[in-house]
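Secondary and tertiary structure notes
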Amino acid sequence: MQLREALEVLAQERGGKVVITTMSSISVWPQLSDTPLDFAYIPSSMGQAPALGLGLALAVPGRGVIVVNGDGSMLMNLGCLVTLAAYPADLFLLIMQNDLYEVTGGQPVVGAGQVDFAGLARAAGIKRVYSFPTLASWKAGAAESLAGPGPVVSVLKIEGKLGQKTPLPPRPMAEQISRLRAALGVQAS
Amino acid sequence: MLDGPTLVRALLACDVTHVVWLPDSHLGQWENALRSEPRLQLLRVAREGEAIALAGGLLLGGKRPVVAIQCTGLFEAGDALRNMIHDLKLPLFMLIGVRSHLAYQRGQSNDTCPVFTVPILNAWQLPHVWLAESATADDLAALHRRAETSGKPLAVLLSE
C-alpha cells in the first residue's frame with residue numbers, strides 16, 4: 001500500500017487519540033488531519049518517537065497515543081519494544097515498513113526485506129500485534145487494532161518511494177506543544 | 001553519595017512523579033528505596049536515550065519525571081538529549097553518576113569517564129552542578145526547585 005493510503009485509513013479510525021508522526025508521514029499527515037492532537041515529531045531524535053509516545057500515554061491515561069514510525073526508526077531503538085511491553089499504556093505503534101531510508105534518498109535499511117517486526121514485537125512481550133501486508137487488510141483491521149487496550153504494534157507494508165523530500169514541520173515545535181497540552185488539558189510541570 | 005531513602009525524600013519533597021532510569025552499580029543501590037515507594041513510578045528502559053525521550057513524553061503530558069543514568073549512558077544519549085532540551089525545550093531534570101570520579105580526583109583512576117562528562121555537558125549546553133558528598137535531601141530538593149523555577153533543564157552530577 002502507499003503511505004498516503006495507509007494514513008487515510010488511520011485518519012478515519014484514529015478517533016480522539018493523539019497521533020505522533022515521524023519522517024515521511026510528517027509530509028502527508030497534515031493534509032489529512034491538522035488538529036491540536038496531531039503532533040509532528042520534527043525536529044526529532046530518530047528512533048525515539050515510541051518512547052516519547054509511551055511517556056505521553058502514561059501521563060494521560062485513557063486518551064490513547066498513536067505513533068507512526070518508520071522501519072529505519074524502529075531499527076534505531078528496538079529495545080523500546082521491550083519497554084512498551086513492560087509498561088502497559090494505550091500506546092498504538094504503527095511500523096510503516098518500506099525497507100528504505102526514504103527521506104535520505106531511498107537507501108535500503110539494514111536487513112531490508114528480512115526483518116519480522118511483528119515477530120520482534122511478540123518476542124518482546126507485546127500481546128496485541130497485527131500485520132497488514134495490504135491496503136485491504138489494513139482497511140479491514142484498522143478499527144480493531146486501534147481499539148481496546150494498548151500496547152498494540154501494527155506492522156504495515158508500505159511501498160517505498162524514491163525522491164522524497166526531507167519533511168518540514170507544519171508549525172513551530174513550541175506551538176505544537178502548547179496546543180497539544182491545551183487539548184489534553186494539562187499544564188507544563 | 002546519597003542513599004536511597006534520602007533520594008526518595010528529596011524526590012517526594014519536589015512532587016516528582018516518575019523516575020526513569022538505567023542504573024549502574026552506584027545508582028543501583030537506590031533500587032529498593034525507589035521500588036518500595038508507591039508515590040514514585042519507577043520506569044526501567046533498555047538504553048539511556050530512550051530514558052530521555054520517555055521522560056520527554058511524561059513532561060509533555062504534565063508529569064514530573066527525573067532521569068537517573070550513568071555518564072556512559074549520557075554519552076550514548078546525546079541526540080535524544082539535544083532534541084528534548086533544545087528542540088522541544090523541555091526542562092529535563094537528570095541525575096548522572098560519574099563513574100570513577102572519586103578515584104580520579106585522587107589520581108587513582110585512568111577511567112576516561114570523569115575526563116569527558118563535563119565537556120560533553122558543556123557541548124550539549126546542559127546546565128549542571130556537582131552534588132556534594134555530604135549533600136542532604138534538602139540540598140537535592142533545592143536544586144530541583146531551582147531548576148523548576150528557571151524552567152531550564154539541569155543535570156546533577158554524583159561522584160562515584
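Residues numbered from 1 in each chain as written. Chains lettered and ligands numbered in written order. Predicted model: local features only at pLDDT ≥ 70, side-chain atom pairs only at ≥ 80, totals over all residues.

Regarding its fold elements, chain A presents 8 helices and 8 strands. Considering only C-alpha atoms, chain A reaches an extent of 45 × 35 × 30 Å along its principal axes. By residue count, 48% of the 189 residues in chain A fall in the buried class. Sequence-distant contacts, at least 24 apart, represent 76% of the contacts inside chain A between residues at least 6 apart. (Helix = DSSP H or I, 4+ residues; strand = E, 2+ residues; numbered from the N terminus. Buried ≥ 20, exposed ≤ 12 C-beta atoms within 10 Å, placed from the backbone. Contact = placed C-beta atoms within 7 Å.)

Interface size, as often reported, equals the accessible area lost upon joining of the parts. Chain A puts 29 residues into the contact, and the matching count from chain B is 25 residues. For the side of chain A that touches chain B, the elements supplying multiple residues, two or more each, are helix H3 (49-59), helix H5 (79-86) and helix H8 (173-184) of chain A. Broken down by element, the residue count for the side of chain A that touches chain B peaks at 8 residues, all from H3(A). Looking at the side of chain A that touches chain B, its residues break down into 19 nonpolar, 10 polar and no charged. (Nonpolar A, V, L, I, M, F, W, Y, C, P; charged D, E, K, R; others polar.)

Before going further, it helps to examine the pairing of strand S5 (residues 128-131) of chain B. Residues and elements named next belong to chain B. In this structure, S5 lies alongside strand S6 (residues 154-159), joined through 4 bridges in parallel fashion. Each bridged residue has a counterpart across the sheet, and for Leu131 the counterpart in S6 is Leu158. Crossover connection from S5 via helix H8 (residues 137-150) to parallel S6: handedness right-handed. (Pairing = 2+ DSSP bridges. Right-handed = clockwise from strand over helix to strand, strands pointing away.)

Residues and elements named next belong to chain A. Strand order in the open sheet formed by 6 strands is S2-S1-S3-S4-S8-S7, with parallel pairing between adjacent strands. Either end of the sheet is taken by a strand with one partner, and the two such strands are strand S2 (38-40) and strand S7 (128-132). Direction aside, the axes of adjacent strands within the sheet are offset by 15° on average. Pairing analysis gives 5 bridges linking S7 to strand S8 (residues 152-157), with the strands arranged parallel. When the bridges of S8 are listed, Phe132 appears paired with Leu156. (Axes fitted to C-alpha atoms, helices over the stretch in contact; angles between N-to-C directions.)

Residue and element names in this part refer to chain B. Taken in spatial order, the 6 strands of this open sheet run S2-S1-S3-S4-S6-S5, and their pairing is parallel. In this open sheet, the two edge strands, each paired with only one partner strand, are strand S2 (41-44) and S5. When strand polarity is set aside, the average angle formed by the axes of neighbouring strands in this sheet is 25°. Note: strand S3 (residues 65-70) against strand S4 (residues 93-98), 4 bridges, orientation parallel. Across the sheet, residue Gln70 finds its bridge partner in S4, namely Gly97. Of the strands in this sheet, strand S1 (18-21), S2 and S3 are in contact with helix H3 (residues 48-60), which crosses S3 at around 175°.

Where helix H2 (residues 23-32) of chain A is concerned, the buried positions are Met23(A), Ser24(A), Ser25(A), Ile26(A), Ser27(A) and Trp29(A). If you follow the buried residues of H2(A), they end up packed against helix H1 (3-13), strand S1 (18-21), S2, strand S3 (65-70), helix H4 (71-75) and strand S4 (91-97) of chain A.

Another aspect to go through is unusual backbone geometry. A cis amide bond, omega 0°, links Ile42(A) with the succeeding residue Pro43(A). Tracing the backbone shows Pro43(A) in the loop between S2 and H3. In the Ramachandran plot, Asp99(A) falls in the positive-phi region, its phi being about 65° despite a non-glycine side chain. Along the chain, Asp99(A) turns up in the loop between S4 and strand S5 (100-101). For Ser100(B), which is not glycine, the phi dihedral falls at a positive 70°.

Further remarks concern the packing of H1(A) against H2(A). Residues and elements named next belong to chain A. Contact geometry of H1 with H2 gives a least axis separation of 10 Å together with a crossing angle of 50°. Here H1 is positioned oblique relative to H2, judged by the angle of their axes. When the axes of H1 and H2 are compared, the crossing they make is right-handed. Facing Leu3, Arg4, Leu7, Glu8 and Ala11 of H1, the residues of H2 in contact are Ser24, Ser25, Val28, Trp29 and Leu32. Residue composition of the contact of H1 with H2, grouped by class: 6 nonpolar, 2 polar and 2 charged. (Parallel < 35°, antiparallel > 145°, perpendicular 65-115°, else oblique. Left-handed = near helix turned anticlockwise from the far one by under 90°.)

With 107 residues, the main nonpolar core has Ile20(A), Val67(B) and Ile96(B) as its most contacted residues. Leaving out residues up to four positions away in the same chain, Ile96(B) has contacts with Ile69(B), Cys71(B), Leu74(B), Ala155(B), Val156(B), Leu157(B) and Leu158(B). (Core = buried A, V, L, I, M, F, W, Y, C linked by C-beta atoms within 7 Å.)

Okay, the confidence of the model for chain B next. Residues of chain B with pLDDT of at least 70 account for 100%, and the chain-wide mean is 97. Overall fold confidence for the complex sits at a pTM of 0.97, while the interface term, ipTM, reaches 0.97. (pLDDT = per-residue confidence, 0-100.)

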